[in-house]
Amino acid sequence: MAGAEMANGQWWRSCLGLERPVHRNQVVSESVHGAQLAVKFTGCASCVEENKACKCGEVSRVRNFENEHHTKPNSSFAHSVINMIGMLIGLGQLSTPYALENGGWASAFLLVGLGIMCAYTSHIIGKCLEEDPSSKTYQDIGEQAFGAKGRIIASTFIYLEIFFALVSYTISLSDNLPLVFTGVHAKLPWLHMISTAQLLTVIAVLVALPSLWLRDLSSISFLSFGGILMSLLLFATVLWTAAFGGVGANQTIPVLQLRKIPGISGLFIFSYAGHIVFPNIYTAMKDPSKFTKVSVTSFTIVTILYTALAFTGAKLFGPAVSSQFTLSMPRHLVVTKIALWATVLTPMTKYALEFAPFAIQLEHSLPSSLGSKTRMLIRGSIGSILLLVILALALSVPYFQYVLSLTGSLVSVGISVVFPPAFYLKIRWPRVSKSGRLLNGVIVVFGVVLGVVGTISSSKSLVQSIQRGHST
C-alpha cells in the first residue's frame, strides 16, 4: 500500500510539476528537475543510482543533461531582487491609472495594502520551503500541505493563470498594434469579417509562433530580460509625458467610488501576481535566509512604482484614461510611439516563455522511444494549437480590463493571497502563534471574499460588454 502511494505521488509529481523560467540557470534547472521526475516515474532511477546500463534510453540522456547543465544556487541578493521585480512588473502596470481613476484616490490604500499582503505571503512561501528541503516549486508546497489534492489544485490555478494572462497579452497586442501602424489599412478579399487590427494581431502572433518550436528552452530565456526593459521603458515614457509632453497633470481624481472597487480589485491583485515563481527564486539564492529581505525590497519598489504610475496617469488623463494608459497618450509625441512599440513587443517576448512549462512537462511525458524530431513536432504542434486558441479567444473577447480583472479575481487572488497562508498554516500549525494563526486566517478570508466579489463584478461587466458588442 505504501509503495502504491509512493508511486502515485511520483506520478502526480511527474505529470503536474511546473516551473516557470526566470533566467538561464533557472530554465536549465527546471529541465533537469523535470527529467529527474520522469526517470523516477519510469522506474529507471535504480539504473542511475547503481551506475548500470539501462534499457531506458531516457536515463542516459538525463544523466548527460545533468552533467552538462547542472548549476548550484548562485543568485546574490541583488540578482534575486531583480528577478522578483522582473516577475512582478508586467501587464498589470498598464491598467493601474485606469484602476485608480475608477476607484478614486482612496483606492490607492487598497493597492498599497495588497502590496504589503502579497509581500507577506511571499515571505511565508519561503518559510514553507524551509520546512522541507525537497520542496522546490509552488506545487511542491501544495503537496506538502494537502497531499496530491494540494498539488492538483495548485497546478490547475497556475495553468489557468498562464492561459488567461496570455489571452490578456494578446488583447493588449490587438489594442495597440493599430496605433503603431497608424494609417495602415489591410483587407483580404476572402476575409470580409476580419478588421485591420485583427489581421495585424494574427500576423504578429504568427511571427511569434516559431519560438514555440525551439527545443532548447534556455535559448529563449533572454526574452525575459527584454520584457523587464520594456516595462521600465513604459514607466519612463509616462514620466516624460508628465514632465515634458505638454500635457497638464491637472485632472481631478474622485475620492472614492465604492461600487467600482470590486471590479478594480482584480486589476490590483493581478499586478502583484508572481508567487508561482518565487520558489524558483528562493532555491536559486546562495543565501536563502535573505529571501524575506528580497521580498520586502522587491514589493516595496514595485508598490512605489505602481502607485506613482497610477497617480501620474490618472492626473494626466483623468476620466478619459483608457484601461491601457498607452492608448491615452498624445499621438504626436515620440515617446508615445516608443510606449506603443514597448507594449506591442512585450507580448511577443512572453509567448515562448509562458509556454515553456507546458513544453517541459510535455517533453518528459512523451515515450522515450520517440525520436527528437518527433518530440519536437508533437511539442511544437500542441503549442501552436494552444496559441491559436488563445488568439481566437482574444479576438472574440477584446475587453482587456474585464479579462484582466477576471484573471486577478478568479485565479491570481488564490495563488498570491489565499493559498500561501493556507499552506503555511497546514504545514507549520504547531509552531505558529495564536496571533499568527489569526493573521493568516484573516488573510485567507479576506482573499476569498475579495476573489468572490471581484469575480462576480468582472464577470458581469464582461458579459455586458459582450452583449453590447453583439448588439452593435
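Residues numbered from 1 in each chain as written. Predicted model: local features only at pLDDT ≥ 70, side-chain atom pairs only at ≥ 80, totals over all residues. Heavy atoms only, no water.

Colleague: If you had to explain the overall build of the chain to someone new, which residues and values would you point to?
Modeller: Scanning the chain from N- to C-terminus turns up 17 helices and zero strands. Looking at the chain residue by residue over its 472 residues, the buried ones come to 54%. Residue pairs in contact within the chain that sit at least 24 positions apart in sequence constitute 83% of those at least 6 positions apart. Of the roughly 20500 Å² of accessible surface on the chain, 68% is carried by carbon and sulfur atoms. (Helix = DSSP H or I, 4+ residues; strand = E, 2+ residues; numbered from the N terminus. Buried < 20%, exposed > 50% of the residue type's maximum accessible area, 1.4 Å probe, protein only. Contact = heavy atoms within 4.5 Å. Areas by Shrake-Rupley, 256 points an atom, 1.4 Å probe, with all protein chains shown as cover.)

Colleague: Residues and numbers for helix 5 (residues 77-88), please.
Modeller: For helix 5, which comprises twelve residues, the first-to-last C-alpha distance of 17 Å matches the rise-based estimate of 16 Å (1.5 Å per residue) to within 8%. Considered for burial, the residues of helix 5 that qualify are S80, V81, N83, M84, I85, G86, M87 and L88. (Expected span 1.5 Å × (residues − 1).)

Colleague: Explain the confidence of the model for the chain residue by residue, including any values.
Modeller: Note that predicted coordinates carrying low pLDDT should not be read in detail. When pLDDT is averaged along the chain, the result is 80; 79% of the residues meet or exceed 70. Scored below 50 in pLDDT, residues 1-70 shows 108 contacts in the model against residues more than four places distant or in partner chains. (pLDDT = per-residue confidence, 0-100.)

Colleague: Let's hear about the nonpolar core: which residues, and what values?
Modeller: Of all hydrophobic cores here, the largest spans 108 residues; its most connected members are M84, Y138, Y272, F299 and Y351. Setting aside chain neighbours within four positions, we find Y138 in contact with I125, A154, I158, H275, I276, P279, G414, I415, F419, P420 and F423. Membership of the second largest hydrophobic core comes to five residues, among which are L100, A108, I253 and A310. (Core = buried A, V, L, I, M, F, W, Y, C linked by side-chain atoms within 4.5 Å.)

Colleague: Give a detailed account of the packing of helix 7 (residues 108-131) against helix 13 (residues 291-317), specifying residues and quantitative values.
Modeller: Where helix 7 contacts helix 13, the axes come no closer than 9 Å and their chain directions differ by 160 degrees. The angle between helix 7 and helix 13 places the two elements in the roughly antiparallel class. For the element pair helix 7 and helix 13, the recorded crossing hand is right-handed. Across the interface between the two elements, A108, L111, V112, G115, C118, A119, S122, H123 and G126 of helix 7 pack against F291, T292, S295, F299, T303, Y306, T307 and F311 of helix 13. Along the lines of polarity and charge, the residues of the contact of helix 7 with helix 13 split into nine nonpolar, eight polar and no charged. (Axes fitted to C-alpha atoms, helices over the stretch in contact; angles between N-to-C directions. Parallel < 35°, antiparallel > 145°, perpendicular 65-115°, else oblique. Left-handed = near helix turned anticlockwise from the far one by under 90°. Nonpolar A, V, L, I, M, F, W, Y, C, P; charged D, E, K, R; others polar.)

Colleague: So, the pattern of salt bridges: which residues are in play, and what are the values?
Modeller: This structure, assessed with the given rule, holds five salt bridges. For K127, the salt bridge identified is with E130, shortest N-O distance 3.9 Å. A residue pair is termed a helical-turn pair when its members lie 3 or 4 positions apart in one helix, as K127 and E130 do in helix 7 at three residues. For E130, a relative accessible area of 42% puts it in the partly exposed group. E143 is the salt-bridge partner of R151, the closest N and O atoms lying 3.0 Å from each other. With a relative accessible area of 1%, R151 lands in the buried category. (Salt bridge = Lys/Arg side-chain N within 4 Å of Asp/Glu carboxyl O.)

Colleague: Describe the environment of S135, listing the residues and the values that go with them.
Modeller: When you line up the elements, S135 lands in the loop between helix 7 and helix 8 (138-180). Separated by 148 residues in sequence, S135 and T283 have C-alpha atoms that sit 9.1 Å apart.

Colleague: Describe the packing of helix 11 (residues 261-271) against helix 16 (residues 400-428), and please don't skip the residues or the numbers.
Modeller: Contact geometry of helix 11 with helix 16 gives a least axis separation of 7 Å together with a crossing angle of 70 degrees. Judged on the interaxial angle alone, helix 16 and helix 11 are roughly perpendicular. When helix 11 is examined against helix 16, the residues P262, G263, S265, G266, L267, I269 and F270 are found in contact with a partner set consisting of Q401, L404, S405, T407, G408, S409, S412 and V413. Split by residue class, the contact of helix 11 with helix 16 holds six nonpolar, nine polar and no charged.

Colleague: Summarise a nonpolar patch on the surface; cite the residues concerned and give the values.
Modeller: Taken together, the side chains of W105, F109, V255, L256, L258 and F311 present a nonpolar region at the surface, about 640 Å² in accessible area. Relative to the helices and strands, F109 is located in helix 7. The class for F109 is exposed, based on a relative accessible area of 63%. (Patch = residues over 30% accessible without salt bridge, like charges linked within 9 Å, V, L, I, M, F, W, Y side chains within 5 Å.)

Colleague: Hey, could you go over the side chain of S231 for me, with residue numbers and the actual values?
Modeller: Position of S231 among the secondary structure elements: in helix 10 (residues 222-244). Taking the relative accessible area as the measure of exposure, S231 reaches 4% and is therefore buried. Excluding residues that lie within four positions of it along the chain, S231 makes contacts with I89, G90 and Q93.

Colleague: I'd like a description of the environment of Y424, backed by residues and values.
Modeller: Relative to the helices and strands, Y424 resides in helix 16. Sequence separation of Y424 and I124 is 300 residues, and the distance between their C-alpha atoms is 6.5 Å. Sequence-distant contacts of Y424, that is, excluding residues within four places in its chain, are made with Y120, I124, K127, C128, W429, V432 and N440.

Colleague: Can you break down helix 8 residue by residue, with the values?
Modeller: Look at helix 8: only 38 Å from first C-alpha to last across 43 residues, short of the 63 Å you get at 1.5 Å a residue. The sharpest bend along helix 8 comes to roughly 145 degrees, located at F146. (Bend = angle between axes of the 7 residues up to and from the residue.)

Colleague: I'd love a proper account of the packing of aromatic side chains, names of residues and values included.
Modeller: The tally for this structure, following the rule as stated, stands at eleven aromatic pairs. Where F163 meets F164, the ring centres are 5.7 Å apart and the plane angle is 80 degrees; that geometry is what we call edge-to-face. By relative accessible area, which is 25% here, F163 ends up partly exposed. Note on F181 and W341: the rings are 5.7 Å apart at their centroids and 75 degrees apart in plane angle, and the pair reads as edge-to-face. Linking F181 in the loop between helix 8 and helix 9 (196-208) with W341 in helix 14 (residues 334-365), this pair joins segments that are 160 residues apart in sequence. (Phe/Tyr/Trp six-rings, centres within 6.5 Å; stacked < 30°, edge-to-face > 60°.)

Colleague: Residues and numbers for the side chain of Q93, please.
Modeller: Counting through the fold element by element, Q93 comes out in the loop between helix 5 and helix 6 (96-103). Judged by its relative accessible area of 1%, Q93 falls in the buried class. Of note is the side chain of Q93, whose polar atom sits 3.3 Å from the backbone oxygen of S231. Ignoring anything within four residues of it in the chain, the contact list for Q93 reads S231, L234, L305, Y306, L309 and F325. (Polar contact = N/O pair within 3.5 Å; in protein donor to acceptor, adjacent residues only side chain to side chain.)

Colleague: Pulling in residues and values, what's your account of the environment of G263?
Modeller: Position of G263 among the secondary structure elements: in helix 11. Along the primary structure G263 and S458 are separated by 195 residues, whereas in three dimensions their C-alpha atoms are 5.4 Å apart. Beyond its immediate stretch of four places on either side in the chain, G263 contacts S405 and S457.

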